[in-house]
Structures are given as structure tokens and as C-alpha cells.
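Fold and contact review
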Amino acid sequence: MERLRQDDPPQIGPFTTLARLDPEAAERSVPERRYLARSADGERTVLVGVPRVGADPSRWAVEAEGARRLRLPRFLDVAEVGGTAGFPWYAAPYTPVLPLPAVLAAHGGPLPEDVVRGLGAALAEGLTAAHAQGVAHAGLSPAAVLVTPGGPVLSCFGAVRAAAPDGVHRAGLPGLDPGCLAPEQASGGAPGPLGDVFALGSVLAYASTGHTVPEQSELPPGLRGLVGACLARDPADRPRSAGELLRGLAAPSRVPDPRLPPSPGPATALDGAAHPVVLPGRVVAAFAAQSAWLLAAELPAVQQPFTSPASPASPQKAY
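Please read these numbers as outputs of a predicted model, since none were measured by experiment.

**Side note on the overall build of the protein chain**
- Helix and strand content of the protein chain: 10 helices and nine strands.
- The buried share of the protein chain, taken over its 319 residues, is 47%.
- In the protein chain, the proportion of contacts linking residues at least 24 apart, taken out of those at least 6 apart, comes to 60%.
- Carbon and sulfur atoms make up 58% of the accessible area of the protein chain, which amounts to about 14500 Å² in all.

In C-alpha cells form, the structure reads like this:
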């Protein structure tokens, strides 16, 4: 979370922007601009997304509406889409949230293997549900993974489709991490489930090493084979589905603790196989700091430093 800049919109639809979600250093690899904002009556705090400068707003709006219609586990709950043809936006209910790069920054480096496995399994679960409905995320990258106290969610739905102004998917698209674009997509192919598997492998590599294109030796031994398979150039050499990847991430068998009661309800792919994600203490502290700031931002005296007052030379616009 960072202070607003002079070129940030002070108003997006009915919401007053309070802060940027993404740090400036990560701006080049984020396919949209994201803000924490609040309604005028103070009742709603939201995460708001708008297109990158220079992006095609009509294509972006189509993908935002697609995200709103989705009701899938581990996908960002887009509650509202609005705006104009030239400046569309979406809003999602706020919960303490950090993009994956900010999680690594808060932790002080790459995450432990058990945390990476837990995050990856949750994301693979969401992709499995999406692919079962014939939907490819087509935008998975470290910036698209938003980590909350309840686990990760997928944002930036359709970023690959929205970033291609001519409809051709290729390397070098603005706002996309090139390490997350499957080779068949970088050469012009359409996004698909195995492209999502490649991208999730890149995200796991990033969480484990701090970058999306690691050397094999940099990866933790327990993840080396699985992540390496996801990153295979030939789609036929990757895990055959997100569900297969989910089973691989949950593979280290753990004997259920006999002191605990059995889990209620039907079993899932993660029951008895993977612990819930336990986030490092510094990440939890970053959630607390973000929440505390937002509570204080309700006071005008605290909110004012995070807005950029208009000057005669450069008036601000309300969108």
C-alpha cells in the first residue's frame, strides 16, 4: 500500500481513493491500477481496479464484467462494475489484502516451502473449478495473486486477453510478467488451461525464489520436479490439469492428528493432505498495519495527506 500520486484519480465512481494497493516498483508487472477506496457515506471500503494508462478500456471492461459474473472459489469477488467507455472500473469488498510481491517484501524474502505449497494448492483449486466451466484465467502472475488472512484469491482475470489491443497474444504485452506467459501464448496462441498451469508454476517459482524464471537449482528440492514440469515449454510435458497439480502440491502425506476430530462434511482434495496456509508473522503484521491505517483514514486529518490537492497548473479530475 502506498500514498496516492498526483496522477491518481481522487474519485472512482462513488468511491474516494485512499491509497494505491501496489508499490510503484511493481507497477510495470501489474495489468491494472488498484486502489483502496471508500464510499462517500463511509459505509463501504473497497478494492477498486481501473485500466492501466494506455490500455484498451473497452477490452478491459469486457474482462471486468466477466469477472463479475464468475462465482468461483479463490477468485476475487467482483461485486460491481461501472464507469464510462473511456474509464471503466470494478469494485470488490475490502478485506486485508497484499499482492504476492508485497507478501515477499513483508516477509523479507522467499516464502517457506509449506507456505508455498498451501498457497499453490488453494490457487490450483480455484483454477480447477474455472477450467471445469470452460474458463481460463489468462492473467495469472505474482501481481494477480492477492493474499488475504483467509488465503489467496485470483485477481486480474483475463489480463492477457485485455492487454492485446489487436487480439493477438504475444510476449511483451504491457503490465504482464513475461515469465508467466506460456510459450504457446507468447507466440500468438490463445489462452487455455495448460497456459494457466504454466503461469501457476511461475507463481510458485516466484514465491519460492523471488523471481518467475529461476534456475532449477534455486527451487526447493520438494518443489523442483513439480514446478519444473509446470514450466515445460511443451504443454504436453506439463501436469495434465490444474487438478493434477493440486494433487501434486498436496502430495507430502501427513498422518491425521488423532487428537483432532474428523473434518465435517464431504472430503476434498486437501483434507488430511495439506495443512491450512499459516502465514509468516511479518505478513500478518502487514495485514494489521493496513487495517489500522484504513481505520485511521476515516478521520479527515489522516486522510488529507494521502490525497493530492489540485493545483492551478494541474487540476485533478474526478472519474
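On we go from here.
**Overview of the pattern of salt bridges**
- The full count for this structure, using the stated rule, is 12 salt bridges.
- The shortest N-O distance in the salt bridge between Glu 63 and Arg 161 comes to 3.1 Å. With Glu 63 in helix α1 (residues 57-69) and Arg 161 in helix α4 (residues 159-163), the pair connects residues that are 98 residues apart, well separated along the chain.
- The class for Glu 63 is buried, based on a relative accessible area of 12%.
- Across the pair Arg 68 and Glu 65 runs a salt bridge, and its minimum N-O distance is 2.6 Å. Placement of both Arg 68 and Glu 65 in helix α1 is noted, with a separation of three residues, approximately one turn of the helix.
- Exposure remark for Glu 65: the relative accessible area of 21% places this residue in the partly exposed category.

**Things to note about the nonpolar core**
- Judged by nonpolar contacts, the single largest core of 63 residues is most densely connected at Leu 76, Leu 100, Leu 111, Leu 140, Val 147, Leu 200 and Leu 249.
- Setting aside chain neighbours within four positions, we find Leu 111 in contact with Leu 100, Val 103, Leu 104, Val 116, Leu 119, Ala 207 and Pro 280.
- By size, the runner-up hydrophobic cluster in this structure holds 11 residues, among which are Ile 12, Val 48, Trp 89 and Ala 91.

**Considering helix α7 (residues 221-230)**
- Among all positions of α7, only Leu 223, Leu 226, Val 227 and Cys 230 are buried. Here the buried residues of α7 occupy an arc of 95° about the axis, which is enough to place them on one side. Pointing more than 90 degrees away from the buried face of α7 are the exposed residues Pro 221 and Gly 225.
- Its buried side turned inward, α7 meets α3 (113-132), α6 (193-209) and α8 (242-249).

**Details of the packing of α3 against α8**
- Here α3 crosses α8 at 160°, and the two axes come no closer than 8 Å. Taken as axis vectors, α3 and α8 run roughly antiparallel relative to one another. By crossing handedness, the relation of α3 to α8 is classed as left-handed. On α8, the residues touching Arg 117, Gly 120, Ala 121, Ala 124, Glu 125, Leu 127, Thr 128 and His 131 of α3 are Ala 242, Gly 243, Leu 246, Gly 248 and Leu 249.
- The class makeup of the residues in the contact of α3 with α8 is six nonpolar, five polar and two charged.

**Concerning the pairing of strand β8 (residues 145-148)**
- What you see with β8 is no split at all: Val 145 and Val 147 on one side and Leu 146 and Thr 148 on the other are buried throughout.
- Pairing of strand β7 (residues 98-99) with β8, which is carried by two bridges, proceeds in the antiparallel orientation. Within β8, the residue paired with Pro 99 across the bridge is Leu 146.
- Between the end of β8 and the start of strand β9 (residues 151-154), which pair antiparallel, lie two residues.

**Remarks on the sheet that holds β9**
- Read across the open sheet, the three strands follow the order β7-β8-β9; overall the sheet is antiparallel. Each of the sheet's edge strands pairs with one partner strand only, and the pair in question is β7 and β9.

**Digging into the packing of aromatic side chains**
- For the coordinates displayed, the defined rule picks out three aromatic pairs.
- Ring centres of Phe 15 and Trp 89 lie 5.9 Å apart, and the angle between their planes is 90°; this geometry places the pair in the edge-to-face category. Here Trp 89 lies in strand β6 (residues 88-93) and Phe 15 lies in strand β2 (residues 15-20), a separation of 74 residues in the sequence. The same class applies to Phe 15 as to Trp 89, namely buried.

**A few points about helix α2 (residues 100-107)**
- Residues of α2 that are buried: Leu 100, Ala 102, Val 103 and Leu 104.
- On its buried face, α2 is in contact with β7, α3, β8, α6 and α9 (281-296).
- Following α2 by one or two positions, Gly 108 has its phi on the positive side, about 95°.

Basis of the calculations
Residues numbered from 1 in each chain as written. Predicted model: local features only at pLDDT ≥ 70, side-chain atom pairs only at ≥ 80, totals over all residues. Heavy atoms only, no water. Helix = DSSP H or I, 4+ residues; strand = E, 2+ residues; numbered from the N terminus. Buried < 20%, exposed > 50% of the residue type's maximum accessible area, 1.4 Å probe, protein only. Contact = heavy atoms within 4.5 Å. Areas by Shrake-Rupley, 256 points an atom, 1.4 Å probe, with all protein chains shown as cover. Salt bridge = Lys/Arg side-chain N within 4 Å of Asp/Glu carboxyl O. Core = buried A, V, L, I, M, F, W, Y, C linked by side-chain atoms within 4.5 Å. Arc of directions from axis to C-beta. Axes fitted to C-alpha atoms, helices over the stretch in contact; angles between N-to-C directions. Parallel < 35°, antiparallel > 145°, perpendicular 65-115°, else oblique. Left-handed = near helix turned anticlockwise from the far one by under 90°. Nonpolar A, V, L, I, M, F, W, Y, C, P; charged D, E, K, R; others polar. Pairing = 2+ DSSP bridges. Phe/Tyr/Trp six-rings, centres within 6.5 Å; stacked < 30°, edge-to-face > 60°.

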